[in-house]
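Letter by letter, the chains look like this.
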Amino acid sequence: MAKYRLVLLRHGEGAWNKENRFCSWVDQKLSSDGIKEAQNCGKHLKALGFEFDLVFTSVLSRSIQTAWLVLEEMGQEWVPIQSSWRLNERHYGALIGLNRAEMALNHGEEQVKIWRRSYDVTPPPITESHPYYEEIYNDRRYKCSDVSQDNLPKAESLKDVLDRLLPYWNEKIVPELKSGKMILISAHGNSSRALLKHVEGISDEDIMNVTLPTGVPILLELDENLHPLGPHQFLGDQEAIQAAIKKVEDQGKVKSAEK
């Protein structure tokens, strides 16, 4: 029997998810479909009897909005939420704002897969000439972070995401888990993948093939040492979840009409 249980959630679909663009640290709200995904997630978790004591999110609106909608559907709006930039999506550097399918056409599907899915390959860094540089680095939310704005990343590999996430996991989340609290982490595709890699001991090679769809809750059951008792479980209609996973995987491929 599990000593601890944790629910991990990639936020609902955002506007740039719908447009197939690298969103990363650009702050986007949920799309209309993303709102429905978050609401349906909340309904499903409520039907399964989950009762949360604490929620962790990134400082990006789509992560926070997803948590709000989930808790509202569950009738648990009062549950405390803690937000940290350390749970942010991976910083895609100079790729931010670009369309994945167009990049696959220009650079090849394999290169785009490496940029999106590899563990230790960092994309080209964002520079001050980038159209979203000022929007990101002048954002007031990062003036409240635990590092100076000069030390915020300009591009990240998945390894970098794990490196900046682990202190928060170990110092903030783990003590709450071990105190017996039921926790929901509403984060992003890559911060969630990084956490799964750490908790489940997924290899650098195998993490390339781990894909998380938007708005689908993931259950982790852990022993007293926070080791998994089994692989993570996607909660919901398994056929629909597999279709959603394929949709995410296809984002980095050339559209059929362009091949």
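The structure contained in this document is the topic of the report that follows. The shown structure was predicted, so the numbers you read here are calculated from the model rather than taken from an experiment.

Rules used in this analysis
Residues numbered from 1 in each chain as written. Predicted model: local features only at pLDDT ≥ 70, side-chain atom pairs only at ≥ 80, totals over all residues. Heavy atoms only, no water. Phe/Tyr/Trp six-rings, centres within 6.5 Å; stacked < 30°, edge-to-face > 60°. Helix = DSSP H or I, 4+ residues; strand = E, 2+ residues; numbered from the N terminus. Buried < 20%, exposed > 50% of the residue type's maximum accessible area, 1.4 Å probe, protein only. Lys NZ or Arg CZ within 6 Å of the ring centre and 35° of its normal. Pairing = 2+ DSSP bridges. Salt bridge = Lys/Arg side-chain N within 4 Å of Asp/Glu carboxyl O. Expected span 1.5 Å × (residues − 1). Contact = heavy atoms within 4.5 Å.

## Focus on the packing of aromatic side chains
Per the counting criterion, the structure on display carries seven aromatic pairs. Where Trp-25 meets Tyr-142, the ring centres are 5.1 Å apart and the plane angle is 15°; that geometry is what we call stacked. Of the two residues, Trp-25 sits in the loop between helix H1 (15-18) and helix H2 (32-47) while Tyr-142 sits in the loop between helix H6 (133-137) and helix H7 (158-178), which places them 117 residues apart along the sequence. Each member of the pair Trp-25 and Tyr-142 is classed as buried. Considering the side-chain rings of Phe-50 and Phe-52, the 6.0 Å spacing of their centres and the 15° angle between planes classify their relative orientation as stacked. The same class applies to Phe-50 and to Phe-52, which are both buried. Taken together, the aromatic side chains of Trp-25, Trp-85 and Tyr-142 make up a single cluster linked through ring pairs. Looking at Arg-100, its charged tip hangs above the ring of Phe-22, at a distance of 4.9 Å from the centre.

## Examining the sheet that holds strand E3 (residues 81-83)
Two modes of strand pairing occur in sheets, parallel and antiparallel, and in both the strands are linked by backbone hydrogen bonds. The strand order E3-E2-E4-E1-E5-E6 describes an open sheet built from six strands, whose pairing is mixed. The sheet is open, and its two borders are formed by E3 and strand E6 (233-234), each paired with just one other strand. Pairing between strand E1 (residues 4-10) and strand E5 (residues 217-222): six bridges, direction antiparallel. Note that in E5 the partner of Leu-9 across the bridge is Pro-217.

## Overview of the pattern of salt bridges
This model, assessed by the stated rule, comprises 11 salt bridges. A salt bridge links Glu-13 to Lys-18; its shortest N-O distance comes to 3.8 Å. The exposure class assigned to Glu-13 is buried, which follows from its relative accessible area of 7%. Taking the shortest distance from any N to any O, the salt bridge between Arg-164 and Glu-156 comes out at 2.8 Å. Via salt bridges that share partners, Glu-13, Lys-18, Asp-33 and Lys-247 belong to a single interconnected network.

## Section: H2
Here H2 is 16 residues long and its end C-alpha atoms lie 23 Å apart, about the 22 Å a rise of 1.5 Å per residue gives. Buried residues in H2 make contact with E1, helix H3 (61-74) and E5. Following H2 by one or two positions, Gly-49 adopts a phi angle in the positive range, close to 85°.

## Things to note about the environment of Ala-101
Checked against the element boundaries, Ala-101 lands in helix H4 (residues 100-107). Since its relative accessible area comes to 2%, Ala-101 is described here as buried. For Ala-101 and Ser-31, which are 70 residues apart along the polypeptide, the C-alpha to C-alpha distance reads 20 Å.

## Comments concerning the environment of Arg-164
Along the chain, the position of Arg-164 falls in helix H7. With 88 residues separating them in the primary sequence, Arg-164 and Gln-76 have C-alpha atoms 30 Å apart. Those residues within four positions of Arg-164 in sequence are excluded, and the remaining contacts are Trp-25, Trp-85, Arg-86, Leu-87, Asn-88, Glu-89, Arg-90, His-91 and Glu-156.

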